[in-house]
Amino acid sequence: MTDTPLDHLGPVDYVVVEFPADASNFTGEMADELVRLVNSGTIRLIDVLILTKNEDGTVDAMELSDIEELGELQALEAQLAELLAEEDVEHLANAMEPGSTAGVLIWENLWAAPFASAARRSGGQLIANGRIPIQAIIASIEADEAAATEGV
Amino acid sequence: MPLRAARVGRVGVIGHPVAKTAVVAKAVTPGPSPVAKTAVVAAAVTPGRGRRRI
């Protein structure tokens, strides 16, 4: 990890992307897009793990460096920090279905860092954040439509 | 494969078991009305296309 002053650190997010046993279709497209996000300065990749949840519920974890042919990810792998701890693996794997494989990505949102830093210098404090699921937007729109229909 | 030694015995950053979220892909995967649904969502988040005022 680079020595980024804490005040200049952007928000750090994670995702767990699950690939059910019968639905994975790795073409390299994901890696290409990830490399593009890093190279454009949009994000800084902090950590990556590949988790496999066995049918008995046990979890195997692989480091990105354990993959034989990383391709363009090789350059990213060299920059990773080992932020996740062993107990994080257990917590993250809780969301996985038995028999599935998942990629865990941790990244810093470089694009948000200057604004977040400016907000802090202005006295602002982050008191809430989150993500709005697409399903929630759909449900809200459909509820509006239903209400409009009933009102006619 | 085992985790690197540096990951073992440290305090984690996640802090709690993660619950599975709704699978977003299913909401936008081609189905009975994928085009219409996608268009509606896109319209709802388009700048200047206010849906309602609070």
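Parameters and conventions
Residues numbered from 1 in each chain as written. Chains lettered and ligands numbered in written order. Predicted model: local features only at pLDDT ≥ 70, side-chain atom pairs only at ≥ 80, totals over all residues. Helix = DSSP H or I, 4+ residues; strand = E, 2+ residues; numbered from the N terminus. Rg over C-alpha atoms; globule rule 2.2 N^0.38 Å. Buried ≥ 20, exposed ≤ 12 C-beta atoms within 10 Å, placed from the backbone. Contact = placed C-beta atoms within 7 Å. Arc of directions from axis to C-beta. Nonpolar A, V, L, I, M, F, W, Y, C, P; charged D, E, K, R; others polar. Pairing = 2+ DSSP bridges. Core = buried A, V, L, I, M, F, W, Y, C linked by C-beta atoms within 7 Å. pLDDT = per-residue confidence, 0-100.

Colleague: An account of the overall build of chain A is requested, with residue identities and associated values reported.
Modeller: When its secondary structure is counted, chain A shows 5 helices and 4 strands. Secondary structure elements in chain A, listed N-terminal to C-terminal, are β-α-β-β-α-α-β-α-α. Against the 2.2 N^0.38 benchmark of 15 Å for 152 residues, chain A shows a C-alpha radius of gyration of 19 Å, more extended than a compact globule. Projected onto its principal axes, the C-alpha positions of chain A cover 60 × 45 × 30 Å. Across the 152 residues of chain A, 14% fall into the buried class. In chain A, the share of contacts with a sequence separation of at least 24, taken over all contacts with a separation of at least 6, comes to 82%.

Colleague: Tell me what's going on with the environment of D47(A), and back it up with residues and numbers.
Modeller: All names here are of chain A. Structurally, D47 can be placed in strand β2 (residues 43-53). Classification of D47 as buried rests on a count of 21 C-beta atoms within 10 Å. Between the C-alpha atoms of D47 and V89, which are 42 residues apart in sequence, the distance is 12 Å. Look past the residues within four positions of D47 in its chain and what remains in contact with it is L80, A81, E82, L83, L84 and I106.

Colleague: Can you break down helix α3 (residues 86-93) of chain A residue by residue, with the values?
Modeller: Listed in full, the buried residues belonging to α3(A) are D88(A), V89(A), L92(A) and A93(A). One side of α3(A) holds all its buried residues, which, seen down the axis, span an arc of 125°.

Colleague: Talk me through the interface of chain B and chain A; I want residue IDs and the actual numbers.
Modeller: Frequently, the measure chosen for interface size is the accessible area removed from exposure when the parts meet. Taken together, the contact between chain B and chain A spans 24 residues of the former and 24 residues of the latter. Counting residues per element, the side of chain B that touches chain A draws most heavily on helix α2 (residues 34-44) of chain B, at 4 residues. Classifying every residue of the side of chain B that touches chain A gives 17 nonpolar, 2 polar and 5 charged.

Colleague: Would you mind going over the pairing of strand β4 (residues 101-109) of chain A in detail, with residue names and values included?
Modeller: Consecutive side chains of a regular strand alternate in pointing toward one face of the sheet and then the other. All names here are of chain A. Sheet analysis places strand β1 (residues 12-19) next to β4, joined by 8 bridges and oriented antiparallel. Considered in β4, the bridge of E18 is made with A102. Relative to β4, β2 runs antiparallel, the two sharing 9 bridges. Residue pairing in the sheet places I43 in a bridge with N109 of β4.

Colleague: So what's going on with the nonpolar core? Residues and values would help.
Modeller: One finds L49(A), L51(A), V89(A), L92(A), A93(A), A102(A) and V104(A) to be the most contacted residues of the largest nonpolar core, which totals 15 residues. L92(A) has contacts with V16(A), L51(A), V104(A), I14(B) and V18(B), leaving out every residue within four places of it along the chain.

Colleague: A description of the confidence of the model for chain B should follow, citing residues and the corresponding values.
Modeller: With 56% of its residues at a pLDDT of 70 or more, chain B has an overall mean of 72. What the predictor reports for the complex is a pTM of 0.79 with an ipTM of 0.75.

Colleague: Now, about the environment of E145(A): what can you tell me, with residues and values included?
Modeller: With respect to the helices and strands, E145(A) occurs in helix α5 (residues 134-151). Taking C-alpha positions, E145(A) is 37 Å from L105(A), a pair spaced 40 residues apart along the chain.

Colleague: Describe the environment of H91(A), with residues and values.
Modeller: As for its placement among the helices and strands, H91(A) is situated in helix α3. What H91(A) contacts, discounting residues up to four positions off in sequence, is G12(B), I14(B), H16(B), P17(B) and V18(B).

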